[in-house]
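Notes for the structure review
The chain contents come next:
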Amino acid sequence: MDEGMVEREMVELGKLRYRHRVARNAKHGNETTDPVTRHAMAVAVPVVAQAIESWKLMSRSRPGRMHRALPYIERLPSDVVALLALKSLLDSASQSRTMLKAANSIARVLEDESDFRHIVENEPVLWQQLQRQVRGNINERQRREFIQRSMKHHNFGISKWDPKDRAQVGIVLVELIHQNTDLLKIENIRNERGKTLTMISASDDFIDYIRKNSAKAEELSPVWLPMVETPLDWRDPFVGGYSTDFFRRRALVKVHNRRYLDDLKNRDMSFVYKAINTIQRTAWAVNPFILDVVRSCWENDLRIGDIPARDDHPYPLKPDDIKENDEARRQYRKAYCRVKWANQHLSSKRMQLAKMLWVADRYIGSRMYFPMQLDFRGRGYPMPGYLNPQGFDAARACLRFDKAVPMTDDGEMWLRIHGANCYGLDKEPYERRLDWVKDFEKEIIACGTDPLANSPFWSAADKPFEFLAFCDEFARMKSSARFMTHLPVSIDGSNNALQLISLLLRDPTGAAATNCIECSTPADIYRLVADQSLAMVSSMDDSYAKGWAELGITRGCIKRPVMTKPYAATLYSCKQYISEWLHDEMDRRRAAGLSIPFDDVWAPSMWLARMVHRTIDQVVPGVAALMKWLQQVSDLCVEHETAVSWTAPSGFWVRQYYPKWRKEEVRCAIGPKVRVHSMNIEDNAMSKRANRNAITANFVHALDSSLMVWATNRSHDLHGIDVFSWIHDQAATLAPNVGIMQSEIRESAIEMFSMDILGGFKTEIDALLPSGVSVPPPPEQGDFDLSLLRSAQYFFA
């Protein structure tokens, strides 16, 4: 396989995908969803809005035949009128329509928008309810008709514009668009009966604009595939990764701000480039054993792990008394929507699996590489989609390193630990994991020899296909005297965000809770928070407390709230996570015929969310202090109109900038399709809320990406390791190198956190603020000895 051929194919696949999307949108009258047409509309909206304002001013002072349209047009802001009129016309830009048909189409949209705004202003709760329900409708017409029926049911008056007035409203707007843009062509033609018709169609200039820019857009939309040659090294933010010039290269950092990329080019990021280049030079190959099993599972409808069902879930039957029984109708609609959502999710998973299998088949027998890209925090991602080392379980299992090395005794130990981790024993001591593999050695070898016959065993694993890849590797190792291993063997951080914060603040309590010290049994902060929360509620005399004590607060219940706490997760999101778990637990208990202590989901979830937040602050006290300080820093930067920018320990320059968007730009009530095309424009100001909500997560992500860079460079420079895979806080390499890499991750963390990271951050922020303005001192550090990390065998395990 030739790299030039691969990259040409990427472009051609992108063109086909783009053309299919354009044709589908034209067929359904949604042409403004195409990027080229959407851009043209965005440019035209302010021009047409100004023309409407001028026309209204003139119409108020002068008589005129068409001025009977003025009261209708004045019901909505001019920019909304401009957007809706343009959208109505351009959604069918490729079709020719009569003036009257186009005018009536525009007027109906304005009429509906006016009615719907009446509900928004007077009955916001009802409007939210209607919006939730219309999401299930197929198209805009169905949405509109449903809302109109609902308005009539709730005794909301539906305005009926006079047909003549409606036509005049539309004709005025068509003329204004025609006079002030070059989008339309109006011409009189004779039909086969000799009747003269005024027809509206896209102008020749507009068609030419679409043709030229669509060709450019096609070139900009390649389907990113793995490379078959070593990617170009990154030496600046603009050149690297893919090697040919068939398409415009992606920049190293996924941002739209060219000035930021130019600033990056002028900074010394050689340490970052070195690590990223090492990672993307790792050669991969398709694992044919796992690929065959995944395909067999899909073709035989074996729903294991990520393999979706081939058929949709059946929809519930309508109750016989659905028209008369309000409760039966409500329950049916809830059940129907739940099934519909599940089927949409299934469809998405089927498409994802099909694309992954297609890429795997395309590259089987070939060496492949995944060029890397970073986000603005420095986190690394493979550019190719569908099949890559950061994909879902089955996709990851379908890949193995192309390079093989002889197995060693230490490598065999780590291979066994990896197998136990994939099965779900990653919180157990190493000895327990090794004993488990020894106890089930016969079953493991059987799975690696005949996977489909032994599927009940391996399909019960937490990561079934990665576990099966281990079984295959283990079985072949046991049958070979001199075994060469290809399998990626991974180790994970133990709640990495809380680990990093604990090390940053030298917090001994948090360090102990997140395995930053030597221990005989790995600490499990999720279980610790669950146990303490349960102990707290068990001692309380409250109906919710009694209900939770009866139900039990498990590790799974509070895992996501604890995991997302360092990322500034709100109390509301904590409640959301708990309510999802509670909903599933209540369904399970109903199915098993067990008692349920709650009638509702939301109130008990919010009650427990408060308890969990309180418990997290007790277990890892430094998190709240750091979050509060970082949010103060963010607020100061926003107040003085400067982006929050700092240098991560890796040398990567982070720039956080979340702008405000002009709220007055088109708030259409007609439905999601119209809102998709709202003309959001930066308001030349920063959003205080968005920046303060994101600062903690971005700061922590900059730390975990820095640890990736440090550990990769140390492992490569000191030990010659040249095979890597990272998924943020998960590192993988060949089994004989895992122990070395684990040690270098710990050494990297010691070296990195020995730096005055918070002091350096404060100095950089102070330099951005006006003279005399300074951020407050960072939180005080504790007395945790970083050298204890050297013996922390479960820091990354």
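See the structure shown above.
Quick summary incoming for the structure in this document.

About the thresholds
- Position numbers for residues start from 1 in each chain and track the written sequence from start to end.
- Whole-chain, interface and lining totals are the exception, using all residues; otherwise, since this is a predicted model, local features are given only for residues with pLDDT of at least 70 and side-chain atom pairs are given and counted only at 80 or more.
- In computing side-chain properties, one takes all heavy atoms of the structure into account and sets aside hydrogens as well as water.
- Secondary structure counts use DSSP, requiring at least four H or I residues in a row for a helix and at least two E residues in a row for a strand, with both numbered from the N terminus.
- Residue contacts are counted whenever heavy atoms from the two residues lie within 4.5 Å of one another.
- In short, Shrake-Rupley with a 1.4 Å probe defines the accessible areas, and a residue's cover is counted only from the protein chains shown.
- Burial classification: accessible surface area is computed with a 1.4 Å probe over protein chains only, and a residue below 20% of its type maximum counts as buried, one above 50% as exposed, and the rest as partly exposed.
- In this scheme, strands are said to pair when DSSP sees at least two bridges between them.
- Under the convention used throughout, the expected extent of a helix is 1.5 Å for every residue step, that is, one less than its residue count.
- Identification of polar contacts relies on pairs of N or O atoms within 3.5 Å, with a donor-acceptor requirement for protein atoms, meaning one able to donate a hydrogen and the other able to accept it, and with residues adjacent in sequence counted only if both atoms are side-chain atoms.
- Here the arc refers to the directions that run from the helix axis out to each C-beta atom.
- To form a nonpolar core, buried Ala, Val, Leu, Ile, Met, Phe, Trp, Tyr and Cys residues must be joined to one another through side-chain atoms within 4.5 Å.
- Between the N-to-C directions of two axes lies an angle of 0 to 180 degrees, each axis being a line fitted to C-alpha atoms and, for a helix, fitted only over the stretch in contact.
- Comment on the angle field: the value is read as roughly parallel under 35 degrees, roughly antiparallel over 145, roughly perpendicular from 65 to 115, and oblique elsewhere.
- Crossing handedness: left-handed means the near helix sits turned counterclockwise from the far one by under a right angle, and right-handed means the same turn made clockwise.
- Here a pair means two rings of Phe, Tyr or Trp (six-membered ring of Trp) with centres within 6.5 Å. Their orientation is stacked below 30 degrees between planes, edge-to-face above 60, and tilted elsewhere.
- Whether a charge lies above a ring is judged from NZ of Lys or CZ of Arg, which has to be within 6 Å of the ring centre and within 35 degrees of the ring normal.
- Here, two cysteine sulfur atoms that lie within 2.5 Å of each other are counted as a disulfide.
- Residues are grouped as follows: Ala, Val, Leu, Ile, Met, Phe, Trp, Tyr, Cys and Pro are nonpolar; Asp, Glu, Lys and Arg are charged; all remaining types, including Gly, are polar.
- The term salt bridge refers to a pairing of a side-chain nitrogen on Lys or Arg with a carboxyl oxygen on Asp or Glu at a separation within 4 Å.

1. A few points about the overall build of the protein
Counting its regular elements, the protein contains 31 helices and 16 strands. Across the protein, every contact between residues at least 6 apart in sequence was considered, and the portion connecting residues at least 24 apart equals 74%. If you sum the accessible surface of the protein, you get close to 36900 Å²; carbon and sulfur atoms cover 50% of it.

2. Things to note about the pairing of strand β10 (residues 488–492)
Counting buried positions over the 5 residues of β10 gives 4, a clear majority of the element. Summarising the sheet, β10 and strand β16 (residues 730–734) pair through 5 bridges and their orientation is antiparallel. Considered in β16, the bridge of D492 is made with Q730.

3. Focus: helix α31 (residues 757–768)
For α31, spanning 12 residues, the distance from its first C-alpha to its last is 17 Å, which sits close to the expected 16 Å at 1.5 Å a residue. Along α31, the residues classified as buried are I757, L758, G759, F761, K762, I765 and D766. If you follow the buried residues of α31, they end up packed against α20 (496–504), α27 (622–639), β11 (644–647), α29 (688–719) and α30 (738–753). Two or three places before G759, at the start of α31, stands the capping residue D756, its side-chain oxygen 3.0 Å from that residue's backbone nitrogen.

4. Digging into the side chain of N691
Mapped onto the fold, N691 is located in helix α29. Owing to a relative accessible area of 0%, N691 belongs among the buried residues under this scheme. At a separation of 2.7 Å, a polar atom in the side chain of N691 contacts the main-chain carbonyl oxygen of S687. Every residue in contact with N691, bar those within four places of it in the chain, is listed here: S634, V638, Q656, Y657, Y658 and M686.

5. Observations regarding the sheet that holds strand β15 (residues 725–726)
Sheet strands line up and pair through hydrogen bonds in the backbone, either parallel or antiparallel. In space, the 3 strands of this open sheet follow the order β10-β16-β15, with antiparallel pairing throughout. The open sheet has two edge strands, β10 and β15, and neither has a second partner.

6. Some remarks on helix α10 (residues 258–265)
Note on helix geometry: an α-helix contains 3.6 residues per turn, so any two residues three or four positions apart are oriented the same way. By the burial criterion, the buried members of α10 are Y260, L261 and L264. Mapping the buried residues of α10 onto a view down its axis gives an arc of 100°, with all of them on the same face. For α10, exposure combined with an orientation more than 90 degrees from the buried face picks out R258 and R259. Buried residues belonging to α10 abut α11 (270–280) and β12 (653–656). By the N-cap criterion, in which a side-chain oxygen at the helix start approaches the backbone nitrogen of a residue two or three places on, α10 is capped by N257, the distance to R259 being 3.0 Å.

7. Let's talk about the sheet that holds strand β3 (residues 196–202)
Taken together, 3 strands build an open sheet; the order of strands is β1-β3-β2 and the sheet is antiparallel. At either margin of the open sheet sits one strand with a lone partner, and together these are β1 (97–98) and β2 (184–190). Inspection of the sheet shows β2 paired to β3 by 7 bridges, in the antiparallel sense. Its bridge partner lying in β3, R190 is registered against T196.

8. Regarding the nonpolar core
Membership of the largest hydrophobic core comes to 173 residues, with the highest contact counts inside it found for V294, M356, F465, F467, W548, I745 and F753. Per-element accounting of this core gives the leading share, 10 residues, to α29. Those residues in contact with F753, other than ones at most four positions away along the chain, are L500, L503, L504, R506, L703 and L786. In this structure, A69, A82, I106 and A107 belong to the second largest nonpolar core, which totals 40 residues.

9. Quick word on the packing of helix α22 (residues 525–538) against helix α26 (residues 602–619)
Any two packed helices are characterised by how steeply their axes cross, that is the angle between the axes, and by the distance between the axes. It is the contact of α22 with α26, at a shortest axis distance of 9 Å, that shows an interaxial angle of 120°. Classified by the interaxial angle, the pair formed by α22 and α26 is oblique. Between α22 and α26 lies a crossing of right-handed hand. In this structure, α22 uses I525, L528, V529, Q532, S533, M536 and V537 to contact α26, whose residues at the interface are W607, M611, V612, R614, T615, I616, Q618 and V619.

10. Thoughts on the packing of aromatic side chains
Taken as a whole, this structure holds 30 aromatic pairs when the rule is applied. Their ring planes at 45° and their centres at 6.0 Å tell us that Y332 and Y336 sit as a pair that is tilted. On the criterion of helical spacing, the pair formed by Y332 and Y336 is a turn pair, its members being 4 residues apart in helix α13 (residues 326–363). The structure contains a cluster of three or more aromatic residues connected by ring pairs, namely Y423, W436, F440, F457, F467, F470 and F474. The ring of W298 carries the charged tip of R310 above its face, separated from the ring centre by 4.4 Å.

11. Brief notes about the state of the cysteines
According to the stated counting rule, one finds 0 disulfides in the structure shown. Looking at the unpaired C574, the closest cysteine sulfur is the one in C557, lying at 8.7 Å. We classify C574 as buried; its relative accessible area is 1%.

12. With respect to the environment of T554
Relative to the assigned elements, T554 resides in the loop between α23 (543–551) and α24 (555–564). Spatially, the C-alpha atoms of T554 and A530 are 5.7 Å apart, while their sequence positions differ by 24 residues. The contact partners of T554, leaving out residues within four places of it in the chain, are A530 and W581.

13. Structural notes on the packing of α23 against α26
Between α23 and α26, the least distance of the axes is 10 Å, while the angle of their chain directions is 90°. The pairing of α23 with α26 is recorded here as roughly perpendicular in orientation. For the pair α23 and α26, contact is made by Y544, A545 and W548 and by A603, P604, S605, W607 and L608, respectively. Grouping the constituent residues of the contact of α23 with α26 by class yields 7 nonpolar, 1 polar and no charged.

14. A word on the pattern of salt bridges
Side chains bearing opposite charge may pair, as long as their charged atoms lie close to each other. Evaluated as defined, the whole model comprises 32 salt bridges. With a closest N to O distance of 3.8 Å, D292 and R295 form a salt bridge. With D292 and R295 both in helix α12 (residues 288–299) and 3 residues apart, the pair spans about one turn of that helix. On the accessibility criterion, D292 (47% relative accessible area) is partly exposed.

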